[in-house]
Amino acid sequence: MGVLVMNGKKIVIVGGGASGGTTAQFARKTDRAAHITIFEKGKYPHYSKCGLPYAIAGIVPDFLNLIEFSEEYFNKEHIELFLETTVEDIDLKRRIVIAKKGTESTSREFDALVLATGSMPMVPPIQNIQTHNRFYSGIHVLRTIDDGRSILSDIRKGKKATIIGAGLIGLEMADTLHKKGMQVTVVEALPRILANTLDDDMSDLVRETIQEHVTLYTNHFATQIKDKQGAVTHLVIKNRETNEDAAIETDLCVIATGTKPETTLAKHIGCAIGKTGGILVNENAETSVKNVYAVGDCTEYHDFVTGEPICVGFGSIGVRQGIAAGTNAAGGTYSLPKGLLMTRTSEFFGLEIAAVGPIQASLKNKTIITGKYKGSSLPDYFPGGKPITMKIHVEEPSGRILAAQAVGSNAAQRTNVYACAILNGLTVDDVRKMETTYAPPIAPTLDTLTLVGDVVALKRARKKREP
Ligand SMILES: Cc1cc2nc3c(=O)[nH]c(=O)nc-3n(C[C@H](O)[C@H](O)[C@H](O)COP(=O)(O)OP(=O)(O)OC[C@H]3O[C@@H](n4cnc5c(N)ncnc54)[C@H](O)[C@@H]3O)c2cc1C
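The structure reproduced in this document is the subject of the present report. (Residues numbered from 1 in each chain as written. Predicted model: local features only at pLDDT ≥ 70, side-chain atom pairs only at ≥ 80, totals over all residues. Heavy atoms only, no water.)

This part is about the pattern of salt bridges. By the definition in use, this model includes 20 salt bridges. Notably, a salt bridge pairs Glu 77 with Arg 32, separated by 3.5 Å at the nearest N-O pair. Of this pair, Glu 77 sits in the loop between α3 (71-76) and β3 (79-82) while Arg 32 sits in the loop between α1 (18-30) and β2 (35-39); the two residues are 45 residues apart in sequence, bridging distant segments of the chain. The exposure class assigned to Arg 32 is partly exposed, which follows from its relative accessible area of 43%. Residues joined by salt bridges that share partners form a network here, namely Asp 199, Asp 201, Lys 372 and Lys 391. (Salt bridge = Lys/Arg side-chain N within 4 Å of Asp/Glu carboxyl O. Helix = DSSP H or I, 4+ residues; strand = E, 2+ residues; numbered from the N terminus. Buried < 20%, exposed > 50% of the residue type's maximum accessible area, 1.4 Å probe, protein only.)

Shown next as structure tokens:
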């Protein structure tokens, strides 16, 4: 942590989600005397959106359990928190933020401003999805506690649910609704599931498991909602190859087709916006405007491996940017790595998946060698071993690791090793020669995470021997 700097700076944070909340905490840790204010337009203080599917499932007993830092916490830390208060204007010249709760207006001066405004659900063009600017009853997005509660109130055991979008959140919700006893259909416009997370062959492993539990339509657009007296009855989908339409009976529909960054205020004060639509930030979470920082889902940074722009969409990244923005805004020093690893994971229908670095399709401009290995979490003779498949992409001729993906047992922790390797520029030889832990009830002598490196090393050796 940075050194305590007692300079009493005025720091204003717009948005009290995970990124804004973390910013405030690290600003406080850095400067015990700073005046820190958070304006949050929602009802709840810093909570975990990532936990929403599990609160709907009932694994987390109450939505309010998702609150990670309460109003009392912020009070104790002398961080001023305004809930249900929307920042409507920022006067950059006078360094004033103007916020409103109903008709009541509050303004705060700032030395440093942090935009942590998050993102909004992206809803594809589906006919008849809403009436009078409201979704038909039974249709939902999932972004807030209120969205989660609303989905929960529409869940009926034995009835039919449809998820639009087979990304991480869509599949987490498919699992949740299946656990709640609904008959679930997943509709995905692309030819495969988890298209941004895994390569084709790895996502096929997940597909096999998912199809044991839900009906899956890939390569189908959701085109239209049919309703009866304002409540959804069917989702019409179109086969992208044949153009044929089909109507899926549904009582509940969750749209999980991604989000777009909320940048209204950022644009208003002249922050540069990147290609993906997020606020451009650097490794210190600084925007193009002096003393204005931005963090989390509203921002754009770039990929560590390819350098391509990426819109930040993970809590894991938002909180790290929050550490940087909070520390720097309060006078400390904290720089993030020179790009995003996009280390990601989830679990659905009992299958753990994880990945780090770009998918193969995004490595077109590099010469790579790929390896894949299917192993077990325990020695073959030991009961209870679970399958684990790993795939890695290695740059040629340097041997540098660029990406890794895993499906199966402890996929996340195995992938974390590769996150460390990529961040530190390790080669496949560095990783495959790593001495991993071994004891029969815990791990095999040689772990899949090094064996997959051996596969690549053998391919590289063969290639070198080729005339
Ligand atoms: C269902 C679900 C599951 C997820 N699972 C994972 C996961 O497993 N792992 C992972 O890494 N990420 C996950 N994510 C993504 C992660 O939750 C987000 O990346 C993270 O919440 C972003 O935090 P944020 O603070 O940037 O944005 P948000 O949490 O959206 O917070 C932004 C806040 O700004 C407020 N705001 C906006 N404009 C104003 C204004 N003008 N005035 C005042 N307040 C304003 C909003 O009300 C909002 O509360 C998941 C997301 C969802 C929805």
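What follows deals with the nonpolar core. Ranked by internal contacts, the top residues of the largest apolar core, which has 38 residues, are Leu 177, Val 186, Leu 194 and Val 206. Looking at this core element by element, the count peaks at 5 residues for helix α5 (residues 168-179). With near-sequence residues (within four places) excluded, Leu 177 lies in contact with Ile 151, Ile 155, Ala 161, Ile 163, Met 182, Val 184, Leu 252 and Val 254. In terms of nonpolar packing, the next biggest core, distinct from the first, is built from 25 residues, Val 356, Ile 369, Ala 419 and Val 452 among them. (Core = buried A, V, L, I, M, F, W, Y, C linked by side-chain atoms within 4.5 Å. Contact = heavy atoms within 4.5 Å.)

All right, on to the sheet that holds strand β23 (residues 309-311) then. In spatial order, the strands read β20-β22-β23; together these 3 strands make up an open sheet with mixed pairing. Both edges of this open sheet fall to β20 (279-280) and β23, since each of them pairs with a single strand only. (Pairing = 2+ DSSP bridges.)

As a matter of local geometry, the ligand sits amid 28 residues, with Ser 19, Glu 40, Lys 49, Arg 143 and Asp 297 nearest to it. In this structure, an oxygen atom belonging to the ligand sits 2.7 Å away from a side-chain N or O atom of Asp 297. The separation between an oxygen atom of the ligand and a polar main-chain atom of Gly 313 is 3.4 Å. For the ligand, the protein covers 88% of the area, taking 990 Å² as the surface of the free molecule. By residue class, the composition of the shell around the ligand is 11 nonpolar, 12 polar and 5 charged. (Near = heavy atom within 4 Å. Polar contact = N/O pair within 3.5 Å; in protein donor to acceptor, adjacent residues only side chain to side chain. Areas by Shrake-Rupley, 256 points an atom, 1.4 Å probe, with all protein chains shown as cover. Nonpolar A, V, L, I, M, F, W, Y, C, P; charged D, E, K, R; others polar.)

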